[in-house]
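So you can see what is in the structure, the chains are spelled out below.
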Amino acid sequence: MSIRENLDISSYLVVGPENTLGRPVKSIVSAAVDAGFTCVQIRSKTASAREMIELTGEAADVIAKAGKSETVALLVDDRLDVVLAARKLGIKVDGVHVGQSDIPPEICREYLGEDAIVGLSARSNELLDYVASADVSPIDYFGAGPLHDTETKKDLTRGEDGNIILRTFDELKKLAKISPVPVVVGGGVKANDLPALKDTGVGGFFVVSAVAGAENPRAAAEELRNLWVK
């Protein structure tokens, strides 16, 4: 069974060097994986392609040393070129996550093959209509958010009033019901959000600063994971 068939997005870490308070990305990945996180995405708007490849390789090594290469998915945000180059170098990277303005998911699927994981950020405006009508044949899950305003993502969609479009729990409950693929929700998610978020029926949560910016990333990751699975 491929990791795509076994995909678990229930506890999803997104991390890059700008999120770790100066600590190595691999140490944050290790903390999350050891705490039971099921998916890792390397994301950086400042790292070069070579740096991204190196970070991906380090994350893959951490996951392998934990004995979880077949159960914890490793993805790269946006950079199909990084995924392809990393694979060429023998790095086990499982797929890519793209946004609405990135390389189309059907092209990612064509280049990466049927065993790869392709995630897509759902449109913030007209979210429910979009998810209900979107062609999901090339993708494995939607990423949705933000739940709250967040400093880790600057390009959040704004409404006509200029305010950031935030997701409500009621909206996410409807989204989980109509989406033909699992939905993972993030954007300012904190531990106290998880009981209500789990009640919506979405497939999981993703976090950046709640783990990568925590004083004790391992303890923070364990708290989040335990709240989700209990």
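Nothing here was measured: the structure is a model prediction, and the numbers come from that model. Going along each chain's sequence as written, the residues are numbered from 1 onward. This being a predicted model, a pLDDT of at least 70 is required before a residue's local features are given, and a value of 80 or more before pairs of side-chain atoms are given or counted; all residues contribute to the totals for chains, interfaces and linings. The side-chain values count all of the structure's non-hydrogen atoms but skip hydrogen atoms and water molecules.

S.K.: Please explain the pairing of strand β2 (residues 39-42) as it appears in this structure.
M.R.: A regular strand carries its side chains on alternate faces of the sheet. Neither face of β2 is left uncovered, since the one carrying C39 and Q41 and the one carrying V40 and I42 both have all their residues buried. When DSSP finds two or more bridges between a pair of strands, those strands are recorded as paired. In this description a helix means any DSSP run of H or I spanning at least four residues, a strand means any run of E spanning at least two, and both kinds are numbered starting from the N terminus. Where strand β1 (residues 11-15) meets β2, four bridges bridge the pair, whose relative direction is parallel. The partner of V15 across the bridge, within β2, is I42. Look down the strands so they point away from you; if the path from the first strand over the helix to the second goes clockwise, the crossover is right-handed. On the question of chirality, the crossover connecting β1 to the parallel β2 by way of helix α1 (residues 25-34) is right-handed. As for the winding sense of the linkage, the β-α-β connection from β2 through helix α2 (residues 49-65) to strand β3 (residues 73-77) is right-handed. A simple rule labels every residue: compare its accessible area, found with a 1.4 Å probe on the protein chains alone, to the largest value its type can have, and call it buried under 20%, exposed over 50%, or partly exposed in between.

S.K.: Would you mind going over α1 with me for this structure?
M.R.: Turn by turn, an α-helix covers 3.6 residues, leaving residues three or four places apart pointing in a common direction. Those residues of α1 that sit buried are V25, I28, V29, A31, A32 and V33. Buried residues along α1 sit against β1, β2, α2, α8 (209-212) and α9 (217-229). Just past α1, the residue G36 takes up positive phi, approximately 105°. What makes two residues a contact is simply this: any of their non-hydrogen atoms within 4.5 Å.

S.K.: Any chance you could explain the packing of aromatic side chains here in plain terms?
M.R.: Each aromatic ring pair is specified by the distance between its two centres and by the angle formed by the two planes. Stacked, tilted and edge-to-face are the three classes applied to pairs of Phe, Tyr and Trp rings, where Trp contributes its six-membered ring and a pair requires centres within 6.5 Å; stacked means planes under 30 degrees apart, edge-to-face means over 60, and tilted covers the rest. Under the defined criterion, the tally for this structure stands at five aromatic pairs. Ring geometry for F205 against W228: centres 5.5 Å apart, planes inclined by 55°, an arrangement best described as tilted. Taken together, the positions of F205 in strand β8 (residues 204-207) and W228 in helix α9 put the pair 23 residues apart, joining distant regions of the chain. Among the aromatic residues, those joined into a ring-pair cluster are Y12, Y141 and F206.

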